[in-house]
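Report on the structure
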Amino acid sequence: MSIQARRERERAERERLIIEAARELAESEGWEAVTTRRLAERVEYSQPVLYSHFKGKDAIMAAVAVEGCADLAAELRAGRLKADGPEEALAAIADAYSSFAERRPALYDAIFSQRVDLPFATPEAPAPLQAAFGELLEAVRPFAGDDDLGLLTETLWSGLHGLVTLMRDGRLPPEGHCGRVAILLDRFAH
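None of these values were measured; they are calculated from a predicted model. (Residues numbered from 1 in each chain as written. Predicted model: local features only at pLDDT ≥ 70, side-chain atom pairs only at ≥ 80, totals over all residues. Heavy atoms only, no water.)

**Describing the domain arrangement of the protein chain**
The condition that has to hold: Here the bounds of each domain stem from an automatic or database domain assignment. Residue contacts are counted whenever heavy atoms from the two residues lie within 4.5 Å of one another. Here's the idea: put two parts together, see how much 1.4 Å probe accessible area each one loses, and the total over both is what we call buried area.
Each domain of the protein chain was delimited in the assignment, giving domain 1 (1–53) and domain 2 (61–188). On the domain 2 side, the residues contacting the seven residues of domain 1 number 12 residues. Between domain 1 and domain 2, the buried area comes to about 820 Å², and carbon and sulfur atoms account for 56% of it. The three residues of domain 1 that bury the most area against domain 2 are Arg23, Glu27 and Trp31, which together make up 78% of that side's buried surface.

This is the structure:
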């Protein structure tokens, strides 16, 4: 292995370590606790080393969001592919989305609630963002008919995000979440 290849591999490993430390710290203590100083302590590198990989916390959070979208896309895909038909696929997507938000709150926040410097809803969006949206789109496709598939998908996503966010923030009681999602999907699919 060449020296250059080894250095690139080591750099990628450091980046992976920094991103993982940020995810873990955010999940255990919230995004407010994620600072470059604390990350440097966790990964046992100096702050200048962190800054050689990322411009700062916002760039780290963006990297976490991209990685989180890859995780979300995989979970959405798994739910959609297990379904026996279009309505079941739509329900499976909604369940996987809600479950992801509940199990991975800091990751969900990095993707959808925190300010991150990522292009969403554009062709320039990173592949994992496009993949997550693509899974929603594929679940919606059977119901689109002559309607704009992209707009319908954005509407479903907005509805799911709104329900999840309101429930997580204590504005809606968790007991009614499944019923609210069922109403959304019923209105959406018919």
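Having seen the model, we can carry on.
**Focus: the packing of helix H5 (residues 86–103) against helix H6 (residues 105–112)**
As a reminder of what qualifies: A fitted line through C-alpha atoms serves as each axis, taken over the contacting stretch for helices, and the angle formed by two N-to-C directions is quoted from 0 to 180°. In DSSP terms, a helix is any run of H or I states spanning at least four residues, a strand is any run of E spanning at least two, and both are numbered starting from the N terminus. In this scheme, roughly parallel covers angles under 35 degrees and roughly antiparallel covers those over 145, while 65 to 115 is roughly perpendicular and the rest are oblique.
Packing of H5 against H6 leaves a shortest axis separation of 5 Å and a crossing angle of 110°. When the axis of H5 is compared with that of H6, the two are roughly perpendicular. Contact residues: Tyr97, Phe100, Ala101, Glu102 and Arg103 in H5; Pro105, Leu107, Tyr108, Ile111 and Phe112 in H6.

**Side note on the nonpolar core**
How we decide: By nonpolar core we mean a set of buried residues, namely Ala, Val, Leu, Ile, Met, Phe, Trp, Tyr and Cys, connected to one another through side-chain atoms within 4.5 Å. Relative accessibility decides the category of a residue: with a 1.4 Å probe and only protein chains considered, values under 20% of the type maximum give buried, values over 50% give exposed, and everything between is partly exposed.
Among the nonpolar cores identified, the biggest contains 57 residues, and Trp31, Leu39, Val64 and Leu90 are the most heavily contacted of them. Looking at this core, the elements that each hand over two or more residues are helix H1 (3–29), helix H2 (36–43), helix H4 (57–82), H5, H6, helix H7 (127–144), helix H8 (149–168) and helix H9 (177–189). Ranked by residues supplied to this core, first place goes to H4 with 10 residues. Per-domain counts for this core show at least three residues from each of domain 1 (1–53) and domain 2 (61–188).

**Some points on H8**
The cut-off we apply is this: Every helix has an expected span of 1.5 Å times one less than the residues it contains. Think of the arc as the fan of directions from the helix axis to the C-beta atoms.
With 20 residues, H8 should cover 28 Å at 1.5 Å per step; its first-to-last C-alpha distance of 28 Å lies within 8% of that length. Looking at H8, one finds that the buried residues are Leu149, Leu152, Thr153, Leu156, Leu160, Leu163, Val164 and Met167. The buried residues of H8 occupy an angular sector of 105° when the element is viewed end-on, so they sit on one face. The inward-facing, buried residues of H8 abut H5, H6, H7 and H9. Gly170 lies just past H8 and shows a positive phi near 80°.

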